[in-house]
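So you can see what is in the structure, the chains are spelled out below.
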There are 2 protein chains.
Amino acid sequence: MKKFVCLTVLLFSGAVLMAQELMSPDGKFRMQFSLDVNGAPNYRLDYKGKAVIKPSKLGIELKDKNSFLNGFSIKNSESNPFDETWQPVWGEWKNIRNQYNEWAVTLHQSSGDRDLIIRFRLFNDGLGFRYEFPAQKNLLHFVIKEERTQFAMTGDHTAYWISGDYDTQEYDYTTSKLSEIKGKYKEARSSNASQTAIAETAVQTSLMMKTAEGIYINLHEAALIDYSCMHLNLDEKNLVFESWLTPDPKGDKGTLQASCTSPWRTIIVSDDARDILASNMTINLNEPNKIKDVSWIKPVKYVGVWWEMITGKSTWAYTDGVPFGTEGTAAVKDVPSIKLGQTDFTKLKPNGKHGANTAHVKELIDFASIHGFDGVLVEGWNEGWEDWFGYHKDLVFDFVTPYPDFDVVGIREYAKSKGVKMIMHHETSGSVRNYERHLDTAFKFMKANNYDAVKTGYVGDIVPLGNYHYNQWMVNHYQYVIEKAAQYKIMVNAHEAIRPTGIYRTWPNMIGNESARGTEFQAFGGSKPNHVTLLPFTRLIGGPMDFTPGIFEMDISKINPNNNSHVNSTLANQLALYVTMYSPLQMAADLPENYNRFLDAFQFIKDVAVDWDDSKYLEAEPGDFITVARKAKGSNNWFVGNVTGVVGGRVSTIDFDFLDSDKFYVATIYSDAKTAHYKTNPQAYEIKKVLVSKKSKLKQWAAEGGGYAISIMEVDKANTKGLKKL
Amino acid sequence: MKKFVCLTVLLFSGAVLMAQELMSPDGKFRMQFSLDVNGAPNYRLDYKGKAVIKPSKLGIELKDKNSFLNGFSIKNSESNPFDETWQPVWGEWKNIRNQYNEWAVTLHQSSGDRDLIIRFRLFNDGLGFRYEFPAQKNLLHFVIKEERTQFAMTGDHTAYWISGDYDTQEYDYTTSKLSEIKGKYKEARSSNASQTAIAETAVQTSLMMKTAEGIYINLHEAALIDYSCMHLNLDEKNLVFESWLTPDPKGDKGTLQASCTSPWRTIIVSDDARDILASNMTINLNEPNKIKDVSWIKPVKYVGVWWEMITGKSTWAYTDGVPFGTEGTAAVKDVPSIKLGQTDFTKLKPNGKHGANTAHVKELIDFASIHGFDGVLVEGWNEGWEDWFGYHKDLVFDFVTPYPDFDVVGIREYAKSKGVKMIMHHETSGSVRNYERHLDTAFKFMKANNYDAVKTGYVGDIVPLGNYHYNQWMVNHYQYVIEKAAQYKIMVNAHEAIRPTGIYRTWPNMIGNESARGTEFQAFGGSKPNHVTLLPFTRLIGGPMDFTPGIFEMDISKINPNNNSHVNSTLANQLALYVTMYSPLQMAADLPENYNRFLDAFQFIKDVAVDWDDSKYLEAEPGDFITVARKAKGSNNWFVGNVTGVVGGRVSTIDFDFLDSDKFYVATIYSDAKTAHYKTNPQAYEIKKVLVSKKSKLKQWAAEGGGYAISIMEVDKANTKGLKKL
């Protein structure tokens, strides 16, 4: 990392001006900061000469202390340009430019004789700012009652939102005017294993919006460390969002010790939706990598024992012990109460449907080995799944004791012999104390058995009750696991955890997160067909998602006759997701038998990279379509993905001008067939192989819930024979 | 352990009798069990033909399920005698007899088609009973809304009580009629570092009472495992106590999974107060020892770096960083915000008053070595004490990083060379997640540095807030620490933890507990002079207390001119405490310089044993006096202690008939001088050495807040010359 700027520019000094302003490096953004007549801090943000954030208040309400809301004067004001280019351990780009003008305003509050710093960073793609609390004699320890950061909208924008919740983000997105959010509250919410509503006007971040003038605005946060997660609550009358933090069991919003900071509050803005997707502001606002040796951190493409349980074909549990919801039924009669360390599973009757059995896992290892996958995930390998959910059990899992039919050592050796890595699964069931108690032992067990990645899970209410998935206590827990895992050189993929805020820059062993409605919901009744055209604008702003794409069989009843769910996606759309849903961790989630039925299409999943030197967002409109081209790490091959959510489908038009002019490329285009439709004909796809060059253009129709995927492989000229040009 | 009884006696079978009864082995107790017209279970208890517990309801109120309150029929009823004698690892007796008649009543509740077992054990000293929840198809997981166990008193008894509280038992005892409890609520409460009131009519267990007829009744619980602590709430009108459990942050009282049980509810009764003190019912109701190798568990007599901080002479903290309550004062100006891992303590200015510095600790080691103490406790050795309390910090201590002036290795080697064991201190400040995160590392650090005992502390509110010191979550934490410590062969002395319920039978590495108002309060304004005549009837019913006696200088201003507290006790009383306050862990708490001023009296502390083969309670009346004689483990020496709380003092009269008739004994009597008084003349003591035999009798005056201590050493006849008979 190099710093290109050392110059310090003092824009203002000590003056109590009513408004001061800062420009972005490219001059497109202008932000103003001012104190009103009560000494309350305000900011506004203009883009290309027009307001995108109207004057909005800044402040923090404290408990049992004078709040940081008003009575301020400007004590110091300092501005500096900053420009660096850095290399992520993995990512969408080989190099990431981090350029902004920074402005730190030191405010003095005479009533409490205290200082508060508000630090702004104005990038070419938007604004980040945070509160900084210097250690000072009148402020060392404090409790936040509520953060009072406002985002005043300039109109009744279209928003792509999910309902505010302290415990889950696993909702379909609703597209509506801001003024319609409250009215759509009920329809926007669906049931989840753990959920805690906030207010009918509360939404989650990252929140995507579009103005009537065609300006795209994204609100989120960056570097959420030792602080509670921010929601946004809408004042419908004035169209002003205000921060709403996640409480502790007493209702407080955070316990802090100066010196410390809030996370960054981010406003990404452009009149081109592609710029929102291409923004690196969130990751740039995080601290540089703290892991010195990163040789063990590797992007992973994997298969696993997972979709078969999600669809209900097989079970996590080894027996029909006490599955959720069957208490009181005949099924329970013959089995004991399941207690780890007391229940002898070898004396229970296997249910014959246990997914993670040795023979089956070896089949998956074979499949991974044959098709070149890096890893195999195994869920349901450990004792306790008969009775894991819904009862707030403390000792729900021990993370080291396999079921009788899961041969840890045999599988380890078999996987080694096939050159495949095993991926561990740690479901906590929300019992986080229990998880922390076992963490060292579990990580040692992993390393001893050749697992170097873990998928963690937090399904259900957090124990002790009163805590939430997104409060400071839990934010600190997830961070603890990431850092502890790094000590053991273990990569983490956390499900149901706090949604990411770019922390993977600092801790690149955090290779995945769920924290949104993933593919599993396609087996639970389905997701909206345009869901995947929204996730990159919302959830993925903070970091990659373990979305688990690659479903080829959309009729779930063919896997489990008792499950009539339908996957609202075409097969071509599923292929495109490996490119549109950027992640260093990509699963081929469907069953091997389904891939074996469509090996020609499966070839794309085998070919596609999971780490990139470059990314070009070619087309984008939230809710409608996304088209992106990415250059594979250390290679001249490119992969293109398009997902489409438009009713009736859409013709995508792209240039291949991202290709090198002096190279030859063979493109394999996996697209929806003309008759394809996510619901009625999802498996209708076409594959064609053509030559492409820098000058090629493509017009490609994609169905609703459909899309296309293209692999573009550099070839020698000799290998171009017999292939048509595009 | 042997079982003397195998015979199974079926007293009743399947009948729905309106009242069934059970007798104690000696016939003094009779208990009745019945179902009322609503099928609600009731019990009553008679002692020597008179009711001590009037008909009282039994039941559990459940959340979101049919409660276990009524609608029961008797499905089965089975009674068995039981008699065993077992040897504790340490204790008041070499052998403990555990004899009772057991009665298990299986109740069936047709509305929910569920069974509930109530198991009674009727001893010769009282009744224990508990609820048992068999695993059954209609009851596997359940949440307790409230336990509804009643104890209906037969009159307006005198009670010796402390106010109900979810977080502390550190109150002086109030003696009043039951009907006066509510009126004395305010005066009964004093401030504490963490306290949560329950109700004006709520009191804590063990609760001691005395009837107008002179019957002593003690209510408590035994084997509190994975359940929340029980308080008692008084229905003043009917003089009925009802159980009141400690809630989780949501207000629920416990999350259970069948099969499981409640703790035992205990009612110890006698017309002789000495029998209450001598009762082993509580420990007998616990499970046998679970630690196979107990060779490392050893009673400990120790000195330490402690009283000097309690009195304010020296500090736990190495610097004057941010002590509690000074935020905002000038003292904070020059020091940074204290953060472990960030603050470099070597760059802070020492305050010159840090107790746990290497030179001073070595002085303590020398003192311990010279006077034959087993161990030296060191508090304030580790970084963080500048800012440890009141702010609910997460990472408050790391338990392994010493202050710059505490040489861990040097002290370890010095202590080894002197044959002295070091005792570690782990203050958690209520941040229990942080403690659990560091527990393995901390215990390994202890073992590596030759510490095999730890004093834990839980000062302040429990984090995460909403939990309490006494709820199920925390009960499980304390238990986790005990069991984890046992793995490392570490003995535990837990302060501010849940009050004991006899668990030391099962986990004898639990050698101490505070959980009551200890000697420290004598430096915080003083305790009542009869406090120590009550603790053995109340707090000590559940197990030993680390009371830290042995204060010789009662005028605290002589230690710290800024502290005007007075120790409400005579010096002789302090000596007696080593015998009256049974504990395998006894501190000589005062400063070495104070012991050096009174070396003749100090001799008793040096001589007194901390483990016993026999104990004889010679005199007892709660609030007034206790006299006990104990025979030292593996020796023929006896030690006698008397503490007196009677205004104006009292003449104690004891026989020495516990001595062997064929042996010779020299008794050294340490008693209050005639002019002694706890307030005006506490250091006035007399020592005389006399011959005693089985036929000796002693009449000995003791002052209010006073007492006497006697060492009785077996000698050869040759060594009796020149000594007078008593």
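Residues numbered from 1 in each chain as written. Chains lettered and ligands numbered in written order. Predicted model: local features only at pLDDT ≥ 70, side-chain atom pairs only at ≥ 80, totals over all residues. Heavy atoms only, no water.

(A) Seen up close, the relation of the copies chain A and chain B. For these two chains of identical sequence, chain A goes onto chain B by a turn of 180° and a shift of 0.0 Å along the axis, with RMSD 0.0 Å. One copy is carried onto the other by what is essentially a two-fold rotation axis. Measuring from the rotation axis to each C-alpha of chain A, the shortest distance belongs to proline 249 of chain A, at 3.2 Å. The overlap is high: 100% of the interface residues of chain A also sit at the interface in chain B, so the same surface is used on both sides. (Least-squares fit on C-alpha atoms with pLDDT ≥ 70 in both. Contact = heavy atoms within 4.5 Å.)

(B) Expanded view of the sheet that holds strand E26 (residues 491–495) of chain B. All names here are of chain B. The seven strands lie next to each other as E27-E26-E25-E24-E23-E22-E28, forming an open sheet whose pairing is parallel. In this open sheet, the two strands that pair with only one neighbour each are strand E27 (510–513) and strand E28 (585–587). Across the sheet, the mean angle separating the axes of adjacent strands is 25° when strand polarity is ignored. As paired elements, strand E24 (residues 421–427) and strand E25 (residues 451–457) share five bridges and run parallel to each other. Paired with methionine 424 across the two strands is valine 454, which belongs to E25. (Pairing = 2+ DSSP bridges. Helix = DSSP H or I, 4+ residues; strand = E, 2+ residues; numbered from the N terminus. Axes fitted to C-alpha atoms, helices over the stretch in contact; angles between N-to-C directions.)

(C) Geometry of the confidence of the model for chain A. Residues and elements named next belong to chain A. With 95% of its residues at a pLDDT of at least 70, chain A reaches an overall mean of 95. Taken together, the stretch residues 1–18 has pLDDT below 50 and engages in 43 contacts with residues farther than four places along the chain or on a different chain. Here residues 323–327 scores under 50 on pLDDT; set against residues more than four positions off or in separate chains, the count is 11 contacts. Under the prediction, the complex receives an ipTM of 0.94, its pTM being 0.95. (pLDDT = per-residue confidence, 0-100.)

(D) Representation of the side chain of serine 228 of chain A in the model. Residues and elements named next belong to chain A. Position of serine 228 among the secondary structure elements: in the loop between strand E16 (216–222) and strand E17 (230–235). Exposure remark for serine 228: the relative accessible area of 1% places this residue in the buried category. A distance of 3.0 Å separates a polar side-chain atom of serine 228 from the backbone nitrogen of threonine 246. A distance of 3.4 Å separates the side chain of serine 228 from the backbone oxygen of lysine 253, its partner in a polar contact. Residues contacting serine 228, with those up to four places away along its chain left out, are Leu245, Thr246, Lys253, Tyr470, Asn471 and Gln472. (Buried < 20%, exposed > 50% of the residue type's maximum accessible area, 1.4 Å probe, protein only. Polar contact = N/O pair within 3.5 Å; in protein donor to acceptor, adjacent residues only side chain to side chain.)

(E) Representation of the pattern of salt bridges within the structure. Scanning the model with the defined rule gives 88 salt bridges over all chains in all. Between aspartate 440 of chain A and lysine 484 of chain A there is a salt bridge whose closest N-O contact spans 3.1 Å. Of this pair, aspartate 440 of chain A sits in helix H7 (residues 432–448) while lysine 484 of chain A sits in helix H8 (residues 472–487), and the two are 44 residues apart along the sequence. A relative accessible area of 10% places lysine 484 of chain A in the buried class. Across the pair glutamate 102 of chain B and arginine 119 of chain B runs a salt bridge whose closest N-O atoms are separated by 2.7 Å. With glutamate 102 of chain B in strand E7 (residues 96–109) and arginine 119 of chain B in strand E8 (residues 114–123), the pair connects residues that are 17 residues apart, well separated along the chain. For the pair shown, glutamate 102 of chain B and arginine 119 of chain B are each scored as buried. (Salt bridge = Lys/Arg side-chain N within 4 Å of Asp/Glu carboxyl O.)

(F) Focus on the sheet that holds strand E10 (residues 141–147) of chain B. Residue and element names in this part refer to chain B. With respect to topology, three strands assemble into an open sheet ordered E5-E10-E19, the strand pairing being antiparallel. Where the open sheet ends on each side, the last strands, each with one partner, are strand E5 (60–62) and strand E19 (254–257). The mean angle between the axes of side-by-side strands here comes to 50°, regardless of whether they run parallel or antiparallel.

(G) Focus on the domain arrangement of chain A. Residues and elements named next belong to chain A. Looking at the assigned domains, one finds that chain A contains domain 1 (49–284), domain 2 (300–565 + 585–594) and domain 3 (566–584 + 595–726). Computed over C-alpha atoms, the centres of domain 1 and domain 3 are 35 Å apart. If you look at the interface, domain 1 gives 14 residues, while domain 3 gives 16 residues. Summed over both sides, the interface of domain 1 with domain 3 buries roughly 1,300 Å², with 57% coming from carbon and sulfur. Three residues stand out in domain 1 for area buried against domain 3, namely Glu92, Arg274 and Leu277, and they jointly supply 40% of the buried area on that side. Our enumeration of links across domain 1 and domain 3 arrives at two salt bridges. Between lysine 210 and glutamate 621 there is a salt bridge; the shortest N-O distance is 2.7 Å. Between the two partners, domain 1 and domain 3, sit 12 residue pairs in polar contact (both at pLDDT 80 or more). Going through the elements one at a time, strand E15 (207–210) and helix H2 (273–278) are the ones with two or more residues in the side of domain 1 that touches domain 3. With four residues, H2 is the largest single contributor of residues to the side of domain 1 that touches domain 3. Taken together, the residues of the side of domain 1 that touches domain 3 break down into nine nonpolar, one polar and four charged. (Domains from an automatic or database assignment. Buried area = accessible area lost by both parts, 1.4 Å probe. Nonpolar A, V, L, I, M, F, W, Y, C, P; charged D, E, K, R; others polar.)

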